[in-house]
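Structural description and commentary
The residues making up each chain are set out below.
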Amino acid sequence: MEDIFNGAGKNYAYEIKGGVSLKGDIDISGSKNAALGVIAASIMVDGVCTLENVPDIVDVHVMFDLCRSLGATIDAIDEHTYRIDPTTINTYKASGPLVSRIRASYYLMGALLGRGGKASIRLPGGCNFGTRPIDLHLKAFQLMGAKGATPAEINSGIVNLEANPLHGARIYLDIVSVGATINAMLAACKAQGQTEIINAAKEPHIVDVANFLNSMGARIKGAGTDTIKITGVPVLPGNFTYSIIPDQIEAGTYMIAAAVTNGDVTIHNLIPTHMEPLSDKMREMGYQIEEGDESIRVYRANCEDTIYPTSVKTSPYPGFPTDLQPQTVVLLCSADGQSRMHENVWQNRFQYVPELAKMGANINVYERIAWINGKSSFRGAIVEATDLRAGAALVCAALEAEGTTYIMNAQRIDRGYEHIVRKLTALGATITRVNHAPEYNEEDTEA
Ligand code: UD1
């Protein structure tokens, strides 16, 4: 990871020679989105904590550096284990360029507010798949007594929050929002009294952040349901070791890569129940999905059998994850007939479709619905990873394609996929990281 992280801001491409069926076994890394929430939560602890199964990806290193910029002491014990000591934190301000490199920097608002009643944070960056407001996060802080949480009070892109004291509140989220749920939960942990988050998001990483906080001494009940109740505590003693859950989206991406290459891959260290929305769709299409306790094998009983089209609608957990939408569109291209993908979470998440079209996909997009006309025969092309998951979708298509594909701005993929080159190579793929044409030098964005 060191070389990738130090090369942050530099652009590179993936060269993939496709047409090889992936075969073998692969291990899933810790969840990116859980790790980002848990690391932010760790700065609220009043002692030290140790995190295990931390994914070695760019976004996590950016989050560590953000916490270090606040004064936290973070030491790597090994590639996936970190000891975090937030007692050395000496500021509540984070407004440098690191903040805009990752969306999840907004968790520092809730964490710092909960920690010391003050937070001064630049508005986060993020992938450009529609407007990404944080009005619900701010509404939650306001209900908990924070001043500075109205849009009019945001000064030159900096949100200055102050609560004296921060108190519990009944927070109804108008839209199910992962970020607002976690942010409200963070702030509420140390607020005075009880907080109730209604219409909360239920994603696995929300439960993971809650489990982490509870193991540090917080009192959170109901995470994973649509009502979360938090009783504030004055101190989070910490001194605990916590292991991050496996990455649902990484696992789903490899399931799809195995399927579209007519491969036979067993994916280990995942939680099969987290994969159900995808596993069920894949079964419906005719793929074989065999679940173990912590593994899933993906293969085709007979490569001559029909792959059936289907329709998919993204929605908050336990619905079909939007972060698997682009990869699933590649999967639907393998079906014999017309499929439909309805993007129900983000306004504009089909920006990668023209890139897939360069590889031979036949997809018509109308507002939030894509009609996928299969079966497509992908061929190698020069394409661009417009964002993290779009890039992952292009990797799946490139692995299936005849010929060589160059995926530009592949550094965006490394934000969320640990050792993707090493993992795919172990399954028989031919993928290398290469330098690329100088015209591809846009700034990074993040999911
Ligand atoms: C998180 C994930 C992202 C994933 C998304 C949905 C991280 C770091 N990112 O993003 O990969 O795609 O969940 O699963 O975990 N909304 C508002 N107002 C708000 C907040 C959200 O209107 O204050 C809307 C958004 O525009 C969007 C929907 O709610 O349409 C869901 O967004 P949200 O769940 O908040 O996404 P993120 O937490 O940003």
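Scroll up a little and you will see the structure.
A brief structural summary.

What counts and what doesn't
- Residues numbered from 1 in each chain as written.
- Predicted model: local features only at pLDDT ≥ 70, side-chain atom pairs only at ≥ 80, totals over all residues.
- Heavy atoms only, no water.
- Pairing = 2+ DSSP bridges.
- Helix = DSSP H or I, 4+ residues; strand = E, 2+ residues; numbered from the N terminus.
- Core = buried A, V, L, I, M, F, W, Y, C linked by side-chain atoms within 4.5 Å.
- Buried < 20%, exposed > 50% of the residue type's maximum accessible area, 1.4 Å probe, protein only.
- Contact = heavy atoms within 4.5 Å.
- Near = heavy atom within 4 Å.
- Polar contact = N/O pair within 3.5 Å; in protein donor to acceptor, adjacent residues only side chain to side chain.
- Areas by Shrake-Rupley, 256 points an atom, 1.4 Å probe, with all protein chains shown as cover.
- Nonpolar A, V, L, I, M, F, W, Y, C, P; charged D, E, K, R; others polar.
- Axes fitted to C-alpha atoms, helices over the stretch in contact; angles between N-to-C directions.
- Parallel < 35°, antiparallel > 145°, perpendicular 65-115°, else oblique.
- Salt bridge = Lys/Arg side-chain N within 4 Å of Asp/Glu carboxyl O.
- Phe/Tyr/Trp six-rings, centres within 6.5 Å; stacked < 30°, edge-to-face > 60°.

1. Points about the pairing of strand S4 (residues 73-78)
Pairing of S4 with strand S5 (residues 81-85) involves 5 bridges; the strand directions are antiparallel. Counterpart to Ala-76 in the pairing with S5 is Tyr-82. Turn length for the S4-S5 hairpin, with the two strands adjacent in sequence and antiparallel, is 2 residues.

2. Points about the nonpolar core
It is characteristic of soluble globular proteins that their nonpolar side chains tend to be buried jointly. Core analysis: the biggest nonpolar cluster contains 82 residues, and Leu-108, Phe-141, Met-185, Leu-186, Phe-212, Leu-213 and Ile-220 have the highest contact counts within it. With 8 residues, helix H6 (residues 178-189) is the single largest residue contributor to this core. Setting aside its immediate chain neighbours within four residues, Met-185 contacts Ile-197, Ile-206, Val-209, Ala-210, Ile-220, Ile-228 and Ile-230.

3. Re the site of the ligand
Close contacts around the ligand come from 22 residues, with Asp-135, Leu-136, Ser-177, Asp-323 and Val-345 the closest. Within the backbone of Leu-136, a nitrogen or oxygen atom sits 2.7 Å from an oxygen atom of the ligand. Taking Gly-179, its main chain carries an N or O atom lying 2.8 Å from an oxygen atom of the ligand. Protein burial of the ligand: of its 740 Å² of free accessible surface, 91% is covered by the chains. Of all the elements in the fold, those that place two or more residues in the shell around the ligand are helix H5 (135-143) and H6. Of the residues belonging to the shell around the ligand, the class tally is 10 nonpolar, 7 polar and 5 charged.

4. Notes on the pairing of strand S15 (residues 264-268)
Of the pairings in the sheet, the one linking strand S2 (residues 23-27) to S15 comprises 5 bridges and is parallel in character. Paired with Asp-25 across the two strands is Thr-266, which belongs to S15. Note that S15 and strand S17 (residues 295-299) share 4 bridges and pair antiparallel. Bridge assignment links Thr-266 to a residue of S17, and that residue is Arg-297.

5. Notes on the sheet that holds strand S23 (residues 404-408)
Read across the open sheet, the 4 strands follow the order S22-S23-S1-S24; overall the sheet is mixed. The outermost strands of the open sheet, each flanked by one partner alone, are strand S22 (382-384) and strand S24 (430-434). Strand after strand, the sheet turns through a mean of 25 degrees between neighbouring axes, direction not considered. Pairing analysis gives 4 bridges linking strand S1 (residues 13-17) to S23, with the strands arranged antiparallel. Within the sheet, the bridge partner assigned to Ile-16 lies in S23 and is Thr-405.

6. Remarks on the packing of helix H2 (residues 32-42) against helix H3 (residues 58-69)
Across the interface, H2 lies against H3 with an axial gap of 10 Å and an inter-helix angle of 5 degrees. Judged by the inter-axis angle, H2 sits roughly parallel to H3. Contact with H2, carried on its side by Lys-32, Ala-35, Leu-36, Ile-39 and Ala-40, involves Asp-59, Val-60, Met-63, Phe-64 and Cys-67 of H3 and no other residues of that element.

7. Overview of the pattern of salt bridges
This structure, assessed with the given rule, holds 13 salt bridges. Residues Asp-59 and Arg-415 are paired through a salt bridge, measuring 3.0 Å at the closest nitrogen-oxygen approach. Taken as a pair, Asp-59 in helix H3 and Arg-415 in the loop between S23 and helix H13 (420-426) lie far apart in primary sequence, 356 residues in all. Pair check on accessibility: Asp-59 and Arg-415 agree, each one buried. As a salt-bridge pair, Asp-264 and Arg-297 come within 2.8 Å of each other at their nearest N and O atoms. Here Asp-264 is found in strand S15, whereas its partner Arg-297 is found in strand S17, with 33 residues between them in sequence. The class for Asp-264 is partly exposed, based on a relative accessible area of 25%. Judged by its relative accessible area of 26%, Arg-297 is partly exposed.

8. A word on the sheet that holds strand S9 (residues 158-163)
Sheet strands associate in pairs through backbone hydrogen bonding, adopting either a parallel or an antiparallel arrangement. Ordered in space as S6-S7-S9-S8, the 4 strands form an open sheet in which the pairing is mixed. Edge positions in the sheet fall to strand S6 (93-94) and strand S8 (146-147), since each has one partner strand and no second. Bridge analysis of S6 against strand S7 (residues 118-122) gives 2 bridges, and the strand direction is parallel. Its bridge partner lying in S7, Lys-93 is registered against Ser-120. Across the sheet, helix H4 (residues 107-116) touches S6, S7, S8 and S9, and the angle it forms with S7 is around 160 degrees.

9. Topic: unusual backbone geometry
The omega torsion of the bond from Tyr-317 to Pro-318 falls at 10 degrees, within 30 degrees of zero and hence cis. Within the secondary structure, Pro-318 sits in the loop between strand S18 (311-313) and helix H10 (325-332). Across the junction of Gly-374 and Lys-375, the peptide omega takes the value 5 degrees, indicating a cis bond. As for its position among the elements, Lys-375 is in the loop between strand S21 (369-373) and S22. Even without glycine at this site, Asn-53 takes up a positive phi of about 55 degrees.

10. Considerations on the environment of Gly-319
If you trace the backbone, Gly-319 turns up in the loop between S18 and H10. Put simply, Gly-319 and Glu-203 are 116 residues apart on the chain and 9.5 Å apart in space, counted from C-alpha to C-alpha.

11. Concerning H5
Among the residues of H5, those classed as buried are Leu-136, His-137, Leu-138, Ala-140 and Phe-141. A positive phi of about 100 degrees marks Gly-145, the residue just after H5.

12. Looking at the side chain of Glu-355
Along the chain, Glu-355 turns up in helix H11 (residues 353-358). Here Glu-384 takes part through its backbone nitrogen, which lies 2.8 Å from a polar atom of the side chain of Glu-355. Not counting residues up to four positions away in its chain, the partners in contact with Glu-355 are Val-383, Glu-384 and Leu-394.

13. Points about the packing of aromatic side chains
Considering all chains together, one arrives at 5 aromatic pairs under this definition. For the pair Tyr-12 and Tyr-14, a centre-to-centre distance of 6.3 Å together with 55 degrees between the ring planes defines the contact as tilted. Tyr-12 gets classed as buried once you look at its relative accessible area, which sits at 8%. For Tyr-14, a relative accessible area of 1% puts it in the buried group.

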